[in-house]
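# Observations on the model geometry
Here is what each chain is made of, one letter per residue.
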Amino acid sequence: MNALASPIFIRLFVKPPLVPLLIVATFVNGFWSVGNLRTLAEAVSTDGIVVVGMTIVMIAGGFDLSVGAVMAMGGVAAVVLLPYGIVVSAVGAAVLGGVSGTLSGLLVTRLRINPFIATLAMMVMVRGAVLAYTDTRPVVSLDDTFLALGGGYPVPYAFMALIAVIALAYLLLNTRPWGRHVYAVGADERAAAMSGLRVQLLKTQCYVISGSLSGIAGLLLAARLGTGSPIIGESTPLTAAAAALIGGASLRGGEGSVAGAFVGLLFIGCLVNVMNILGVPSYYQRMTIGGLLFALVVTDGMLMRLRPR
Amino acid sequence: MSEAVLPRRRVHVTDVVTPIWLVLVVVIVIAALISDRFLSPGNVAAVLQQGVITGIVALGMTVVLVGGEFDLSTGATVMMAAVVALLLGPDGGVGIAVAIAVPLLIGAGIGAVNGLAVYRAGANSIVATIGMQFLVIGAVLALVSGQHVRADAIGETFTALTHARPLGVPLPVFVFAALVAALAIVMSQTVFGRHIYAIGGDVEAATRAGIPVARIGIATYVISGVLAATSGVLIASLVGHLDPTAIGGYEFPALTAVVLGGTSLSGGVGRPADTAGAILVIAVITNVMTILNYQYPIQLLVQGMVLTGAVAFYSWRRGGA
């Protein structure tokens, strides 16, 4: 009985039912082939980097709806900056994302705007700026180094980047005082402020991390596609929020883990992958993700009512 | 709960002339100075038409937000209603009635589910209604297999509904005006309306005062769903055919108008008439930008700035909320 109640068991079998899904997927032709697993890894890696940022923001009691638009901005910026070298391009994407994150952070902490509304406004402004800059057309790159960055066989470089980001975030959250502080701010902002934590700075830092990671994810996606598209990432905030919620984060802060969010993301990634193999049209996938998020938020709300703070 | 959050019963001048209407006058004057085409009858009708579609959506979101919650599924509901109305092939008297009633009912259903999730289960309304948005858009696209929708049997009476121009003003403008008036009365003069303000002002206090919070809250979402669907039916009648992937995104300009009109993001404050004023402000700004050839991306950017500015302004004026 004890084994059934262990967190790892729950994390893999119940919330989310990742292992059962994988077992079912075995009956789907070609799921376990190297090619498909590589596709799966590619698909989860860019979203995954975003999920890490979103999870950190959610632990601090915030939310970031701008991640998808920032991702598009990162991709476009990376391609536009390529002529100055790959390093400038990568740094540019991350820094632009960080700037947008700083703005979100300032809106939330200095102007005290509700994080959902602040980042929704940021989302629209960033999307508008990117669409205006590119004249709504994707920017294409044929740079060899850049395209190579989007490859990697059998393990895509983007997936390696994801693993590195997860490892760093895990260390940051679980072994550094900074991580404890972020959890403290999310759990009870007033108490955190009274114990001398610089709440506004900490929260802004979380948004900066989320913005930078979204920018980098945009760069990696652009490298894979060979184009920086101004319209990508529309559903990214949903996927990221769903993964973080599955991973134990809550919309009121103070909870969540990067490892859990990763499992959540794998679950969603496998689900979408299986639907792709079976030829399910994209609108059913959109429905599934929307429905999943809706169900998760309802569960989140009911759990909060059962054990109120 | 303080007296200030309760709507006043007697009508004062300041009830009608709120700052947003002054802003509207200023914006119109500037617009007329920038472009001599702005005040031409055809363009004014276009501004009103554009404002009305988003405006009806914004009215519903105002009601929900006065109760302290958000409804971001409205854009998807607009699309659903437009597609369903066209698919039903509105021809003949009964056909038209069905093509109007069914989308409105589905809109009410979507609102009821949102309301149950938020008020019964305690779900975060922003994320839940964004989830609903994707659910509805996905379902509608699945229904039409992502194809362009063209009504086979669209009757002329159905299109005439919105193309009629009594007194030279498009009929949807009258519909909008009637809805604003009706909601203004409901919100300020009925027990139901006052309960919504009470819930938005302080849920805890409202519960303790014996107000049926969940029932009223669900009703606000149903109102929002029905109004969004109304907007969709109007679009169906105006356009007659549509590309479901190209329609949408109404929730953002609507939300911007709601906030610009002074509805508090934390609930308890806000009036339908002010939202109507804000909708006109945004319609004028958008129209001028279109005349000056600033396309959609810049308009999006400006809307985001207006929303941020409005939120910051009101939060500063209310001493941080």
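Heads up: these notes are all about the structure in this document. Per-chain numbering applies: the sequence of each chain, read as written, is numbered from 1 onward. Lettering of chains starts at A and numbering of ligands starts at 1, both following the order in which they are written. Whole-chain, interface and lining totals are the exception, using all residues; otherwise, since this is a predicted model, local features are given only for residues with pLDDT of at least 70 and side-chain atom pairs are given and counted only at 80 or more. Here the side-chain values reflect all heavy atoms present in the structure, with hydrogen atoms and water set aside.

Right, let's get into the overall build of chain B. The helix and strand tally for chain B stands at 14 helices and 2 strands. Over its C-alpha trace chain B gives a radius of gyration of 19 Å, about what one expects of a compact globule, namely 20 Å for 321 residues. For chain B, the C-alpha atoms occupy an extent of roughly 55 × 50 × 35 Å along the three principal directions. With 321 residues in all, chain B has 56% of them scored as buried. Taking as baseline every contact in chain B between residues at least 6 positions apart, the subset at least 24 positions apart corresponds to 79%. Computed by Shrake-Rupley with a 1.4 Å probe, the accessible areas treat only the displayed protein chains as cover when residues are assessed. Surface exposure of chain B reaches about 13000 Å², of which carbon and sulfur atoms provide 68%. The numbering of helices and of strands both runs from the N terminus, where a helix is a DSSP run of H or I of at least 4 residues and a strand a run of E of at least 2. The globule rule is 2.2 Å times the number of residues to the power 0.38, and the radius of gyration it is compared with is taken over C-alpha atoms. The buried label applies to any residue whose accessible area, calculated with a 1.4 Å probe on protein chains only, is under 20% of its type's maximum; exposed applies above 50%, and partly exposed to all values in between. Here, two residues are considered to be in contact whenever any of their heavy atoms come within 4.5 Å of each other.

We now examine the overall build of chain A. A count of helical and extended segments in chain A gives 15 helices and 2 strands. The C-alpha radius of gyration computed for chain A amounts to 19 Å, which stays within 12% of the reference 19 Å derived for 309 residues, consistent with globular compactness. Counting only C-alpha atoms and orienting by the principal axes, one finds that chain A spans roughly 55 × 50 × 35 Å. A buried classification covers 54% of the 309 residues belonging to chain A. In chain A, the share of contacts with a sequence separation of at least 24, taken over all contacts with a separation of at least 6, comes to 79%. Accessible surface, chain A: about 13200 Å² in total, of which carbon and sulfur atoms supply 69%. Residues scored as charged are limited to Lys and Arg (positive) and Asp and Glu (negative), so that His and the chain ends carry no count. A single reference atom marks each charge: NZ on Lys, CZ on Arg, CG on Asp, CD on Glu. The centroid of the 18 positive side-chain charges in chain A is displaced by 11 Å from the centroid of its 11 negative side-chain charges.

This part takes up the interface of chain A and chain B. Many structure descriptions define interface size as the accessible area lost when the parts assemble. If you look at the interface, chain A gives 37 residues, while chain B gives 42 residues. Defined in terms of a 1.4 Å probe, buried area is the accessible area two parts forfeit on being brought together, summed over both. For the pair chain A and chain B, the summed buried area comes to about 3300 Å², and 82% of that belongs to carbon and sulfur atoms. Three residues, A:Y283, A:R286 and A:F294, lead the burial of chain A against chain B; their summed loss comes to 20% of the area buried on that side. By the criterion applied in these results, polar contacts are pairs of N or O atoms within 3.5 Å in which, for protein atoms, one can donate a hydrogen and the other can accept it, and in which residues neighboring in sequence qualify only through two side-chain atoms. Put simply, chain A and chain B have 3 residue pairs in polar contact (both at pLDDT 80 or more) between them.

Attention shifts here to helix α13 (residues 236-246) of chain A. Residues and elements named next belong to chain A. Taken across its 11 residues, α13 has 11 buried, putting it largely inside the fold. For α13, the set of buried residues is T236, P237, L238, T239, A240, A241, A242, A243, A244, L245 and I246. Just downstream of α13, G248 is the residue with a positive phi angle, here 100°.

Residue and element names in this part refer to chain A. Between Lys or Arg on one side and Asp or Glu on the other, a salt bridge is scored when a side-chain nitrogen of the former is within 4 Å of a carboxyl oxygen of the latter. Counted according to the given criterion, the structure contains 7 salt bridges over all chains. Here R38 and E42 are joined by a salt bridge, their closest N and O atoms 3.4 Å apart. Here R38 pairs with E42, and both are found in helix α4 (residues 34-59), just 4 residues apart, close to one helical turn. Taking the relative accessible area as the measure of exposure, R38 reaches 16% and is therefore buried. Where R224 meets E42, a salt bridge forms, and the shortest distance between an N and an O atom there is 3.9 Å. One end of the pair, R224, is in helix α12 (residues 199-225); the other, E42, is in helix α4, with 182 residues separating them in the sequence. The exposure class of R224 is partly exposed, given its relative accessible area of 31%. Among the residues examined, E42 registers a relative accessible area of 14% and is labelled buried. One continuous salt-bridge network, built from bridges that share partners, spans R38, E42 and R224.

Our focus in this paragraph is the packing of aromatic side chains. Residues and elements named next belong to chain B. Ring geometry is summarised as follows: Phe, Tyr and Trp rings, the Trp one being its six-membered ring, pair when their centres sit within 6.5 Å, and such pairs are stacked at plane angles under 30 degrees, edge-to-face over 60 and tilted between the two. Taken as a whole and judged by the stated rule, the model has 6 aromatic pairs over all chains. Relative to Y314, the ring of F313 has its centre 5.2 Å away and its plane inclined at 70°; by these criteria the two rings are edge-to-face. For F313, a relative accessible area of 38% puts it in the partly exposed group. Chaining the aromatic ring pairs together yields one cluster made of F313, Y314 and W316.

What follows deals with a nonpolar patch on the surface. Residues and elements named next belong to chain A. Patch rule: a residue counts if its relative accessible area is over 30% and it has no salt bridge; like charges are joined within 9 Å, and nonpolar side chains (Val, Leu, Ile, Met, Phe, Trp, Tyr) within 5 Å. Nonpolar side chains collect at one region of the surface, where I86, V87, V91, V95, V99, L103 and L106 lie side by side and expose about 560 Å² of accessible area between them. The residue L103 is located in helix α6 (residues 86-109) in this model. Its relative accessible area of 43% is what places L103 among the partly exposed residues.

All names here are of chain A. Each neighbour pair has its own omega, and for Y153 with P154 the value is 0°, a cis peptide bond. Considering the arrangement of structural elements, one finds P154 in the loop between α8 (144-149) and α9 (157-175). Of note in this structure, D135 is not a glycine but carries a positive phi near 55°. Since its relative accessible area comes to 45%, D135 is described here as partly exposed.

Turning our attention to the side chain of A:S66. Residue and element names in this part refer to chain A. Here S66 is to be found in the loop between α4 and α5 (67-81). Note on S66: relative accessible area 1%, which makes it buried. Here the side chain of S66 touches D64 through a polar contact of 2.6 Å, side chain to side chain. For S66, the residues in contact, after removing those within four places along its chain, are S104, T119, M122 and M123.

Along the polypeptide, A:S214 turns up in helix α12. Ignoring any residue separated from it by four or fewer positions in sequence, one finds A:S214 in contact with A:V50, A:V67, A:V70 and A:M71.

Further remarks concern the environment of A:G196. Relative to the assigned elements, A:G196 resides in the loop between α11 (189-194) and α12. Expressed as a C-alpha distance, the spacing of A:G196 and A:V182, which sit 14 residues apart in the sequence, is 13 Å.

Attention now moves to the nonpolar core. Put simply, a nonpolar core is a bunch of buried Ala, Val, Leu, Ile, Met, Phe, Trp, Tyr and Cys residues held in one set by side-chain atoms that sit within 4.5 Å of each other. If you look at the biggest cluster of nonpolar residues, it comprises 196 residues, and the most contacted ones within it are A:F63 and A:I117. When residues no more than four places from it in sequence are discounted, the contact partners of A:I117 are B:F70, B:I126, B:L255, B:L265, B:L307 and B:V311.

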